[in-house]
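Commentary on secondary and tertiary structure
Single-letter residue listing:
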Amino acid sequence: MDRKIVYVDHAATTYVKPEVFEAMKPFFTDFYGNPSSIYYLGRESKKAVEEARQKIADCIGAQSSEIFFTGSGTEADNWAVRGIAFANIKKGKHIITSAIEHHAVLEVFQYLQSEGFEVTILPVDENGFVNPEDLKNAIRPDTTLVSIMFANNEIGTIQPIKELVSIAREKGVIFHTDAVQAMGNVDIKVNELGVDLLSMSAHKFYGPKGVGALYIKKGTRINSIMLGGAQESRRRAGTENVAGVIGMAAALELAYKNLDNYNKHLKALSNRLIDKVTERIPYVRINGDRDIRLPGNVNLSFNFIEGESLLLMLDMKGIQASSGSACTSGSLDPSHVLLAIGLPHEIAHGSLRVTFGEKNTEEEVDYIVDNLEEIVGKLRMMSPLYEDFVKNDPGIKVTNHKAI
């Protein structure tokens, strides 16, 4: 690859670490048996899957019998929300979520609403936090489920999950958290949080794509959504992705072992980017709380420009970033997360999400800032909104694409 690539979209996906790939390889070529088969190759595959299940359970403070493998984080979210809603329908049909959830949760809530469930969507403040008092006031006698994400995939805000869980538990309501973006970035222990269900996905923490998991606390009543076989203790049908499961466990173990150093590295890069951008580029907003956020997440909104144009011009410089969730990258609509925290459409449209990983460097941060300064300046000089802004404020002077 000749062109320079600076990859800063680790919230969308990560590469597979060499150690993880090496752990997976034998299960593509040598130990390829179906885990449901009773002969040697099948038994070896089954043994490896159960060892991986135990490793993941140990990382997050669960029992191995509480870990169920899925094909993705999206499937895990779907299973948690739909499975709980329908399994507890005799108690009630009221369910609660937040306005900034991933579409893998929000669209399931919309579907359930069409099936006759009552949905409450909690607002968030300007930094993306759910107010625990709002949750307390929203819970009713017929509430069966609360689903609030651990950390937001776009703006990085980390929710006060333990406090929110405590409120739900006091009312006897099941609590699910989508931890897809947080797992591998935060030391999550389900036994300390008290959550009933938690979703995760391997490709967010240097594992393979196509495999996820759902933690289901022992004793939780939940329906299956994948039918057809007795796999995963008869709860999730389908032949296990053995190599993927092995890779997921290896990646999560590595993530937990290196968590402190990894977070220190990411935080240093994020702070460097924020400090330099705010110093050199005017009319920029940091979205999400500055401190209570995922360490490698920086979400910026630039006034007077279109985010899509910014991304395309950054790509020409080899900088791979995003404007929000990778799952909605084909949409021209502004981010529902940025609208939920109060940004007007025109500012939400001019947003950039940078998410760092272990291989990113300070030199790459400086390269990003240099190019951002140039590109934002060029785009603003072509913007009618910016032109009107400058005309309406005679105290502003424009020099080298910047207003001062």
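No experiment lies behind these values; they were computed from the predicted model shown.

Attention now goes to the nonpolar core. One finds I60, F150 and I188 to be the most contacted residues of the largest nonpolar core, which totals 67 residues. The element contributing the most residues to this core is helix 10 (residues 242-257), with eleven residues. With residues up to four places along the chain from it excluded, the contact list for I60 reads I67, M183, I188, K189, V190, N191, M200, Y215, L252 and Y256. Counting 28 residues, the second-largest nonpolar core is a separate cluster that includes V6, V8, A321 and V365.

Under the defined criterion, the tally for this structure stands at three cavities of 30 Å³ or more. Considered as a void within the structure, the largest cavity measures approximately 130 Å³ in volume. For the largest cavity, the lining is made up of 14 residues, of which A11, Q181, N185, T355 and F356 are closest to its centre. Tallied by class, residues from the lining of the largest cavity come to five nonpolar, eight polar and one charged.

The α-helix winds at 3.6 residues per turn, so residues separated by three or four positions along the chain end up facing the same way. For helix 5 (residues 103-114), built from twelve residues, the straight-helix expectation of 16 Å at 1.5 Å per residue is met to within 8% by its first-to-last C-alpha distance of 16 Å. For helix 5, the full list of buried residues reads A104, V105, L106, V108, F109 and L112. In this fold, the buried residues of helix 5 make contact with helix 4 (73-87), strand 3 (94-98), strand 4 (118-122), strand 5 (143-147), strand 6 (174-178) and helix 13 (336-340). Immediately downstream of helix 5, the backbone of G116 shows phi near 100°, a positive value.

Attention now goes to the pairing of strand 10 (residues 297-302). With six of its six residues buried, strand 10 lies for the most part within the structure. Of the two faces of strand 10, the one lined by N297, N299 and S301 and the one lined by V298, L300 and F302 are each fully buried. Alignment of strand 9 (residues 284-287) against strand 10, held across four bridges, turns out to be antiparallel. When the bridges of strand 10 are listed, V284 appears paired with F302.

Time to look at the packing of aromatic side chains. Scanning all chains against the criterion turns up six aromatic pairs. Ring centres 5.9 Å apart and planes at 75° place the aromatic pair F68 and W79 in the edge-to-face group. In this pair, F68 sits in strand 2 (residues 67-70) while W79 sits in helix 4, placing the two residues eleven residues apart along the sequence. Ring plane angle 90° and centroid distance 5.4 Å describe the contact between F86 and F117, whose orientation is recorded as edge-to-face. Of this pair, F86 sits in helix 4 while F117 sits in the loop between helix 5 and strand 4, and the two are 31 residues apart along the sequence. Among the residues examined, F86 registers a relative accessible area of 29% and is labelled partly exposed. Residue classification places F117 among the buried positions, given a relative accessible area of 3%. An aromatic cluster of three or more residues is present, and its members are Y15, Y206 and Y262.

This part covers the pattern of salt bridges. Applying the stated rule across the entire model yields 19 salt bridges. Between K25 and E22 there is a salt bridge whose closest N-O contact spans 3.4 Å. Take K25: its relative accessible area is 35%, and that puts it in the partly exposed class. Look at the salt bridges and you will find they share partners, linking K46, E50, R53 and E232 into a network.

We now examine the side chain of D178. Residue placement: D178 occurs in strand 6. Among buried charged residues, D178 stands out as having no salt bridge; its nearest opposite-charge side chain is K204, 8.8 Å away. A polar side-chain atom of D178 sits 3.0 Å from the main-chain amide nitrogen of V180.

The mixed open sheet is built from seven strands, whose spatial order is 2-8-7-6-5-3-4. Each edge of the open sheet carries a strand with a single partner, namely strand 2 and strand 4. Each strand axis lies, on average, 20° off the axis of its neighbour in the sheet, ignoring direction. Strand direction decides the pairing type here: strand 6 and strand 7 (residues 197-201), joined by three bridges, are parallel. The residue of strand 7 that forms the bridge with H176 is L197. Taken strand by strand, helix 4 contacts strand 2, strand 5, strand 6, strand 7 and strand 8 (212-216), and its axis lies near 160° from that of strand 7.

This part covers helix 11 (residues 259-280). Given a rise of 1.5 Å per residue, 22 residues ought to cover 32 Å, and the 32 Å separating the end C-alpha atoms of helix 11 matches this to within 8%. Among the residues making up helix 11, those that are buried are L259, Y262, N263, L266, L269, S270, L273, I274 and V277. Down the axis of helix 11, the buried side of the element spans an arc of 135°, and every buried residue falls inside it. Exposed residues pointing more than 90 degrees away from the buried face of helix 11 are listed as D260, N261, K264 and E279. Residues of helix 11 that are buried in the fold lie against helix 10, strand 9, strand 10, strand 12 (351-355) and helix 15 (362-381).

Criteria and cut-off values
- Residues numbered from 1 in each chain as written.
- Predicted model: local features only at pLDDT ≥ 70, side-chain atom pairs only at ≥ 80, totals over all residues.
- Heavy atoms only, no water.
- Core = buried A, V, L, I, M, F, W, Y, C linked by side-chain atoms within 4.5 Å.
- Buried < 20%, exposed > 50% of the residue type's maximum accessible area, 1.4 Å probe, protein only.
- Helix = DSSP H or I, 4+ residues; strand = E, 2+ residues; numbered from the N terminus.
- Contact = heavy atoms within 4.5 Å.
- 1 Å grid on protein atoms, 1.4 Å probe; cavity = no way out; pocket = protein on both sides within 12 Å on 5 of 7 lines; lining within 4 Å.
- Points joined across faces, edges and corners; volume = space filled by probe spheres on them.
- Nonpolar A, V, L, I, M, F, W, Y, C, P; charged D, E, K, R; others polar.
- Expected span 1.5 Å × (residues − 1).
- Pairing = 2+ DSSP bridges.
- Phe/Tyr/Trp six-rings, centres within 6.5 Å; stacked < 30°, edge-to-face > 60°.
- Salt bridge = Lys/Arg side-chain N within 4 Å of Asp/Glu carboxyl O.
- Lys, Arg positive; Asp, Glu negative; His and termini not counted.
- Polar contact = N/O pair within 3.5 Å; in protein donor to acceptor, adjacent residues only side chain to side chain.
- Axes fitted to C-alpha atoms, helices over the stretch in contact; angles between N-to-C directions.
- Arc of directions from axis to C-beta.

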